[in-house]
Structures are given as structure tokens and as C-alpha cells.
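Okay, here's what each chain looks like letter by letter:
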Amino acid sequence: QVHLVESGGGLVQAGGSLRLSCAASGRTFSVYAMGWFRQAPGKEREFVAASTWSGGNTRYADSVKGRFTISRDNAKSTVYLEMNSLKPEDTAVYYCAASTRISITTYEYWGQGTQVTVSP
């Protein structure tokens with residue numbers, strides 16, 4: 001089992017920045033990739049960014065490219081999502097996910113989520 005806890009969400013004005021953190025515990029040695037997803041009210045959950053634990057492969061949704069950066073601290077078993085130039089449409093609950101399979105697109109473990117609200 002891998003346990004994930006997100007933090008760092010909050011309220012920010014448009015154009016501002018936030019950094020989300022996701023601390024992993026448990027069988028972290030089995031984690032191949034970590035990802036960030038988000039779900040806005042009334043919408044389906046969507047992919048935001050992902051990275052292999054080695055950092056050799058990262059991916060971003062087109063909507064966040066150039067504004068968001070995923071990074072990780074292997075020693076702390078923590079992955080981050082640096083969000084800059086935030087827009088009201090970035091408002092959502094952000095979820096961290098972990099994959100123990102050789103995949104950057106399929107995830108078995110999920111955190112509880114952290115709310116990000118961007119005001120106009």
C-alpha cells in the first residue's frame with residue numbers, strides 16, 4: 001500500500017502562484033510514477049501532470065504547459081506541483097496519485113485532495 005497526503009491548496013488571486021505537495025508513505029519503493037489530477041465542480045477528473053520517480057519522463061496537460069511544473073524530492077518521498085500564472089479555470093480539487101506499474105498513465109493510489117481556488 002502507498003499512502004498519499006496532499007497539502008498546499010488555498011485561495012489565490014488570478015496571476016498568483018501556489019505550490020502543492022504530496023507526501024508518500026508506505027511501500028514507496030514500489031512507486032514508478034506520480035501524477036497530479038484535478039476535478040472542478042460538475043466536471044470529470046482530468047490529468048494535470050505526471051513524472052516518473054526517476055524524473056526521466058514528465059508530462060503535462062496542454063492547459064497547464066508553461067505554467068505548472070512537477071518535481072520530486074526522492075529523499076522525502078514527496079512530489080510537488082508548482083503552479084504559476086493561475087487562472088480562475090484552474091479552480092478545482094487537486095489530487096495526487098501514485099503508480100506502481102510501469103506506467104505514467106495508470107494509477108492505483110490516490111490522495112484525498114486539496115482545494116485550489118483562484119479568484120478573478
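Residues numbered from 1 in each chain as written. Predicted model: local features only at pLDDT ≥ 70, side-chain atom pairs only at ≥ 80, totals over all residues. Heavy atoms only, no water.

K.L.:
Give a detailed account of the packing of aromatic side chains, specifying residues and quantitative values.
P.N.:
Here the distance between the centres and the angle between the planes together describe a pair of aromatic rings. Considering all chains together, one arrives at 4 aromatic pairs under this definition. For the ring pair F37 and F47, a centre distance of 5.7 Å and an interplane angle of 75 degrees mean the geometry is edge-to-face. In this pair, F37 is assigned in strand β4 (residues 33–39) and F47 in strand β5 (residues 46–52), connecting sequence segments 10 residues apart. One aromatic cluster in this structure is built from F37, F47, Y107 and W110. Looking at R45, its charged tip hangs above the ring of W110, at a distance of 3.8 Å from the centre. (Phe/Tyr/Trp six-rings, centres within 6.5 Å; stacked < 30°, edge-to-face > 60°. Helix = DSSP H or I, 4+ residues; strand = E, 2+ residues; numbered from the N terminus. Lys NZ or Arg CZ within 6 Å of the ring centre and 35° of its normal.)

K.L.:
With reference to specific residues and values, describe the pattern of salt bridges.
P.N.:
Across all of its chains, the model carries 5 salt bridges by this definition. Its salt-bridge partner being D62, residue K65 comes within 3.2 Å of it at the nearest N-O pair. What emerges from the salt-bridge pattern is a single network uniting R38, E46, R67 and D90. (Salt bridge = Lys/Arg side-chain N within 4 Å of Asp/Glu carboxyl O.)

K.L.:
Please provide a residue-by-residue account of the environment of K87, values included.
P.N.:
The residue K87 is located in the loop between β8 (78–83) and β9 (92–99) in this model. Its relative accessible area of 34% is what places K87 among the partly exposed residues. Separated by 33 residues in sequence, K87 and P120 have C-alpha atoms that sit 7.5 Å apart. (Buried < 20%, exposed > 50% of the residue type's maximum accessible area, 1.4 Å probe, protein only.)

K.L.:
Quick rundown of the pairing of strand β7 (residues 68–73)? Include the residues and the values.
P.N.:
Pairing of β7 with β8 involves 6 bridges; the strand directions are antiparallel. Residue pairing across strands places T69 opposite E82, the latter belonging to β8. A loop of 4 residues connects β7 with β8, the two strands running antiparallel in sequence, and S77 in this loop sits at a positive phi of about 50 degrees. (Pairing = 2+ DSSP bridges.)

K.L.:
Kindly report on the environment of S71, identifying the contributing residues and their values.
P.N.:
Within the secondary structure, S71 is located in strand β7. Residues contacting S71, with those up to four places away along its chain left out, are T78, V79 and Y80. (Contact = heavy atoms within 4.5 Å.)

K.L.:
For the sheet that holds β7, give the residues involved together with the corresponding values.
P.N.:
Pairing is antiparallel across the open sheet formed by 4 strands, whose spatial order is β1-β3-β8-β7. Each end of this open sheet is capped by a strand with a single partner; those strands are β1 (2–7) and β7. Pairwise comparison of adjacent strand axes, ignoring direction, gives a mean angle of 20 degrees for this sheet. Relative to strand β3 (residues 18–26), β1 is paired through 6 bridges, and the arrangement is antiparallel. (Axes fitted to C-alpha atoms, helices over the stretch in contact; angles between N-to-C directions.)

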